[in-house]
Amino acid sequence: MKVIIVGSTHAGTAAARQILTRHPETEVTIYERNDNISFVSSGIYLYLTGVIQHLEDMFYATPQDLIKLGAQVKTQHNVLRIDTTQKTVQVANMLTGAVFIDHYDKLIMTTGSSVVVPPIMGIDHEKVLLCKNYQQAQQLYQSLQAGQHVAIVGAGYMGTELAESYASMGHQVTLFHSHEQILNNYLGPEMANAAAELLRDHDVDVHLNERVTGFATSDADRLLVETAQGDYEVDLAVVCAGFMPNTELLRGQVAMDRHGAILINDYVQTSNPDIYAAGDACVVNFNPTGQPAYTPLATNALRQGALAGINVFGNLHPYMGTQATSAMQLFDHTMATTGLTLGAAQKKKLPVRHAVYQGNWRPAYMPTTPAYMPTTAKVTIDLVYDYQNRCLLGAQFWSRHDIAQAANTISVMIQNQNTIDDLAYVDMFFQPNFDQPFNYLNLVGQLAVKQEYQYGNQAPRVTARGNWQ
């Protein structure tokens, strides 16, 4: 069988590995526009701050790794056209200019996403940069000089992390966000406000509800950032306005959502049975709502890519879907999220309530060791649930203590359709070094159960065999 993989970052690399490990006799050809594969863009901010010394360390695979497995890896080759009727791809060698046709039995689309370039006057200014791939990360590093004033446009994950990075390096940072809170796709307003205050405490100038409308050169030959509220002179701007799927090659040939993301079934198969899709080019099956959603995360790409590599040989392993679990370190705090926020659930008109827990992460009698992580560090958890069936829908976490893995626990419970009653008393160990007699996840579950009693919503009766009635 001949399999062509178009694009090879997270998803394409994972697909190739699965195919060639399970079925080494398969003919696999990978076409990639860049001269590299498997770049971890989420590590760019770590490189800029010097936590990671070499940007090349952010590749977790090389073309040679896949060649050793038996793949033909064609970097700097651009796929120009796909004919799904004839099962052919038209490819241009970007080094020689030669154009040729290749044939496939199965096609895996892992073309990823591109940074959204908003329709802003002057967006092509030489001092306005984007942040997604290896080349853009190099530009960011090379363009910045000591003590410069940097504007960040967009306060999602990438923009917030970059704001922290530049502030940590001693740069003056102005962060613009067109919404009323930062990280609006990941946190509720209370935690988002706490994160914004933390940025301000580290001298980041946060501008909310302020949309950037243009870029220009100032009289002092600096970059002028124009907004409805005023103009700002800076030395450099980085635009982090979100991502859009790279799916033009299949437009009109397979089913897509309104954003242009490819729709997939439970086996990451498109509406064309010979074409599979994975990663930022396609939707995910979002378990909290049971609906497809566009959620470009590396974790989704890796899992979908691996499943594509398995399922091209038949419907062998269904896609479990995702809770879009993620986390970030912001200065000395950890933020983590899984599933729906309260606001997102309300927008979908789901029957939701939330319970907000705050308490010490371990007993107050424990000594302050190490000094930078005192016993009194608070854990804040915002738990979102369906009050009709009591199932968990999401949770967000905020603390100086590293509680990121707690989001994974809630993710699994959402996946398994567990309830607040399950969470309240599910077995979790107690050891004073690590938690309270009831783990903070138990405690937020108990808080939600208590809240439902106050609403008069009694828990369903459970039989001796553990079945709800």
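Below or above, wherever it landed, is the structure these notes cover.

The rules we used
- Residues numbered from 1 in each chain as written.
- Predicted model: local features only at pLDDT ≥ 70, side-chain atom pairs only at ≥ 80, totals over all residues.
- Heavy atoms only, no water.
- Helix = DSSP H or I, 4+ residues; strand = E, 2+ residues; numbered from the N terminus.
- Rg over C-alpha atoms; globule rule 2.2 N^0.38 Å.
- Buried < 20%, exposed > 50% of the residue type's maximum accessible area, 1.4 Å probe, protein only.
- Pairing = 2+ DSSP bridges.
- Axes fitted to C-alpha atoms, helices over the stretch in contact; angles between N-to-C directions.
- Polar contact = N/O pair within 3.5 Å; in protein donor to acceptor, adjacent residues only side chain to side chain.
- Expected span 1.5 Å × (residues − 1).

**Observations concerning the overall build of the protein chain**
On a plain count of helices and strands, the protein chain comes out with 11 helices and 25 strands. Here the C-alpha atoms of the protein chain give a radius of gyration of 24 Å, agreeing with the 23 Å that 2.2 N^0.38 yields for 469 residues. Seen through its C-alpha atoms, the protein chain measures out along the principal axes to roughly 70 × 65 × 40 Å. Residues counted as buried form 54% of the 469 residues belonging to the protein chain.

**Notes on the sheet that holds strand E5 (residues 88-93)**
Either a parallel or an antiparallel arrangement is found when strands of a sheet pair, and the pairing is made through backbone hydrogen bonds. Strand order in this open sheet of 3 strands is E4-E5-E6, and the pairing throughout is antiparallel. Of all the strands in the sheet, just strand E4 (77-83) and strand E6 (99-103) have a single pairing partner and so form its edges. Taken pair by pair, the neighbouring strands of this sheet meet at an average axis angle of 30 degrees, ignoring direction. In terms of strand pairing, E4 meets E5 through 6 bridges, oriented antiparallel. Within E5, the residue paired with arginine 81 across the bridge is glutamine 90.

**Remarks on the side chain of threonine 419**
If you trace the backbone, threonine 419 turns up in the loop between helix H9 (404-415) and helix H10 (420-425). Within the structure, threonine 419 has its side chain in polar contact with the backbone nitrogen of aspartate 421 (distance 3.2 Å).

**Here we look at helix H5 (residues 157-168)**
One turn of the α-helix equals 3.6 residues, which is why residues spaced by three or four share an orientation. An ideal rise of 1.5 Å per residue puts 16 Å on 12 residues; H5 measures up with 17 Å between its terminal C-alpha atoms. A large share of H5 lies buried, amounting to 11 of its 12 residues. What H5 keeps buried is the set Tyr157, Met158, Gly159, Thr160, Glu161, Leu162, Ala163, Glu164, Ser165, Tyr166 and Ala167.

**Some remarks on unusual backbone geometry**
Residue asparagine 209 is not a glycine yet carries a positive backbone phi of 55 degrees. Tracing the backbone shows asparagine 209 in the loop between strand E12 (204-207) and strand E13 (212-217). We classify asparagine 209 as partly exposed; its relative accessible area is 45%. Although it is not a glycine, alanine 324 sits at a positive phi angle of roughly 55 degrees. Here alanine 324 shows up in the loop between helix H7 (298-311) and strand E21 (326-330). According to the relative accessible area criterion, alanine 324 is buried, its value standing at 15%.

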